[in-house]
Structures are given as structure tokens and as C-alpha cells.
Amino acid sequence: MSIYWHLPIMIIIISLVYSATRYDQWGMILREAFRWGLRMVSFLVMIAVVLVVLSFFI
Amino acid sequence: MTTTDRQDQRPHEYSFFAALLSYLVPGMGQIYQGRIGKGLLFFFSLYGMFFYGWWLGDKSNVYLPHGDSIVVLGKRIDEPWASIGHRPQFAGQFWMGVCVWPAIVQYRFPEKAGFLRGYQRAPSEEELNRLQKNGDKLWDLAWVYTVVAGVLNILVIYDAFAGPVFQLEPQKPEWAPV
């Protein structure tokens, strides 16, 4: 199994815990956690795309 | 507006005791303050992440090793602080509270740590080489989980101490007597 399968657990927990330290209201916590999760996934996908593109040329 | 919403709008008072509880066991300070849901979220998330990483790392990535003195910025640093230099991951793991104290007991009182049965004991050089050479980088990924859990608990401790970063302003009543 690829080690990357362990990544979603980390993304979900970091998003939830970080957001819960920002707000006390569950609605706000979940909304903020979703936003942070999306930001982290977008960032990782961006890095992956850059690496894949580079691998074609190098 | 529900009763819970009104309670959420009360400003949090600084609480060193709640912060200490959240250091000892993640989320315990919030539970003590009556923020039970959040406390349980912190407890299960952080313990889940920490022990998941510990388990992925062959249960041998939380420890404090003995080692020689180190030199930082021209200054000689001896044990026990030098041990953090040999294993900087422990500086992050430390914030998980009591669940990493066995590592400190193993380091400080190895002769009295028999009751821990090797739990959080520093692995031998051969064992470390085996873990790092024969794996698929999972051992290296695993300690990241334990360190991230510890670092997140610093935020949880601060939340217990001073409340969440963004607190709602108390709403003024629409009608107030003059």
C-alpha cells in the first residue's frame, strides 16, 4: 500500500483541530475545517502537478 | 438563539489550570470548562493521530536517546538538553502530555523503568538501522504524525487557557430600558 493513503487522516485531523481552536461554534468549526482541508488538498495537488510536469522534462 | 449559543458568547477568562489539564491530556481542559464536545474532539483526534503514528512507526518512534554533548552557535550543550538535539522530534512529541512521560522515565531512570516493559525506550542503533533501511519510508512518515499531534496540542492548550482565537461579540439586546 502506498504511504500516501495515510495522508487523508492527517489532513482531516489537522483541519478539524486547527479550526476548533479558532471557534467555539460547531457550524463555524466544520465550515472552517472544510475550507482548510480544501486549501491543503489544493496545495498538495498543485505541488504534485508541478512535480509531474517537471518529471516530463528532467 | 439557543442556550448553548448564549454560553458561547461569554468571554473566556484566562485559566492556567485548564491549560495544564489540556497539556496533561489533550481536550481535558476544555471538558473541565464545560466545552465537552470540543474537548472530546481534541481528545480523540490528537490521541488517535499520535498513537496511529506511533503504531505505524513500529511502536518505536517516541523516545529520548542518550548522547554526547552538542554544539549550537558555538555553545556547548550537555545532557539532558543535548538529547533533544539528538532527537528533535521529541520537542514536538513532548506537548502530548502524560502519554510521552514514559519516554522521559526511560531516559532518566532506565534502571527503574522495568515496569514499562520497553515502552518508549530508545531503540538500539541496529534496530534504528533496520527500521529505516527495510521500510518504505513509512517509519519516517510515522513520526511526523506524532510530532504534528504534539504541535497541534499547543494550540489546544492555548484554547483552554484563553478560549478560541475568534470569539463572538456579545449581542446587544434589541430593546433596552433607557
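A brief report on the enclosed structure follows. (Residues numbered from 1 in each chain as written. Chains lettered and ligands numbered in written order. Predicted model: local features only at pLDDT ≥ 70, side-chain atom pairs only at ≥ 80, totals over all residues. Heavy atoms only, no water.)

Considering the overall build of chain A
The condition is simple: Helix numbers and strand numbers start at the N terminus; a helix is a DSSP run of H or I with at least 4 residues, a strand a run of E with at least 2. Our radius of gyration is a C-alpha quantity, and the globule rule it is checked against amounts to 2.2 Å times the number of residues to the power 0.38. Note on classification: 1.4 Å probe, protein chains only; a residue is buried when its accessible area is under 20% of the maximum for its type, exposed when over 50%, partly exposed between these limits. Per-residue and other accessible areas were derived by the Shrake-Rupley procedure at a 1.4 Å probe size, with only the shown protein chains allowed to occlude residues.
Counting its secondary structure elements, chain A contains 2 helices and 0 strands. For 58 residues, the compact-globule estimate of 2.2 N^0.38 gives 10 Å, and chain A exceeds it by more than 25% at 15 Å. In terms of principal-axis extent, the alpha carbons of chain A reach across some 50 × 25 × 15 Å. Taken over 58 residues, chain A has a buried fraction of 36%. With an accessible surface of roughly 4000 Å², chain A has 81% of that area assigned to carbon and sulfur atoms.

A closer look at the side chain of S22 of chain B
This is how it is decided: Counted as a polar contact is a pair of N or O atoms within 3.5 Å, where, for protein atoms, one must be capable of donating a hydrogen and the other of accepting one, and residues adjacent in sequence contribute only when both atoms are in side chains.
Here S22 of chain B shows up in helix α2 (residues 16–24). Only 3.1 Å separates the side chain of S22 of chain B from the backbone nitrogen of G29 of chain B, close enough to count as a polar contact.

Topic: the interface of chain B and chain A
Stated formally: Contacts are assigned to residue pairs that have any heavy atoms within 4.5 Å of one another. A 1.4 Å probe defines the accessible area here, and the buried area is the portion of it lost by two parts on being joined, summed over both. Think of a salt bridge as a Lys or Arg side-chain nitrogen and an Asp or Glu carboxyl oxygen that are within 4 Å of each other. Three categories are distinguished: nonpolar for Ala, Val, Leu, Ile, Met, Phe, Trp, Tyr, Cys and Pro, charged for Asp, Glu, Lys and Arg, and polar for the others, with Gly belonging to the last.
Taken together, the 27 residues of chain B in the interface contact 19 residues of chain A. Both sides together, the interface formed by chain B and chain A hides about 2200 Å², and carbon and sulfur atoms give 72% of it. Its largest share of buried area at the contact with chain A, chain B owes to L41, Y145 and F166 of chain B, together 22% of the area lost on that side. Where chain B touches chain A, the interface holds 2 salt bridges. Its salt-bridge partner being D24 of chain A, residue K38 of chain B comes within 2.8 Å of it at the nearest N-O pair. Between chain B and chain A we count 9 residue pairs in polar contact (both at pLDDT 80 or more) in total. Of all elements in the fold, only α4 (36–56) and α9 (138–162) of chain B reach the threshold of two or more residues within the side of chain B that touches chain A. Each residue belonging to the side of chain B that touches chain A can be placed in one class, and the counts come to 18 nonpolar, 3 polar and 6 charged.

Regarding the nonpolar core
Under the convention used in this document: Only buried residues count toward a nonpolar core, which is a set of Ala, Val, Leu, Ile, Met, Phe, Trp, Tyr and Cys residues joined through side-chain atoms within 4.5 Å.
Among the nonpolar cores identified, the biggest contains 36 residues, and V17 of chain A together with M49, F50, M96 and V100 of chain B are the most heavily contacted of them. Among the secondary structure elements, those contributing two or more residues to this core are α1 (7–20) and α2 (26–57) of chain A together with α4, α7 (101–108) and α9 of chain B. Looking at which element gives the most residues to this core, the answer is α4 of chain B, with 8 residues. Beyond its immediate stretch of four places on either side in the chain, M96 of chain B contacts Y23, L24, P26, L46, Y47, F50, A149, G150 and N153 of chain B. The next biggest cluster of nonpolar side chains, apart from the first, holds 5 residues, and it includes A19, I157, F161 and A162 of chain B.

Comments concerning the packing of aromatic side chains
So the rule is basically this: Note on ring pairs: Phe, Tyr and Trp rings are taken, using the six-membered ring of Trp, and paired if centres are within 6.5 Å. Classes follow the plane angle, with under 30 degrees stacked, over 60 edge-to-face and the rest tilted. Only lysine NZ and arginine CZ atoms are considered, and such an atom sits over a ring when it is within 6 Å of the ring centre and within 35 degrees of the ring normal.
Counted under the stated rule, the structure contains 18 aromatic pairs over all chains. Residues F43 of chain B and Y47 of chain B carry aromatic rings whose centres are separated by 5.0 Å and whose planes lie at 65 degrees to one another, so their mutual orientation is edge-to-face. On the criterion of helical spacing, the pair formed by F43 of chain B and Y47 of chain B is a turn pair, its members being 4 residues apart in helix α4. An angle of 75 degrees between the planes, with centres 5.5 Å apart, marks the rings of W54 of chain B and Y119 of chain B as edge-to-face. You can see W54 of chain B sitting in helix α4 and its partner Y119 of chain B sitting in the loop between α7 and α8 (125–133), a full 65 residues away along the chain. For W54 of chain B, a relative accessible area of 15% corresponds to the buried category. Above the ring of W36 of chain A, the side-chain terminus of R39 of chain A is found at 4.4 Å from the ring centroid.

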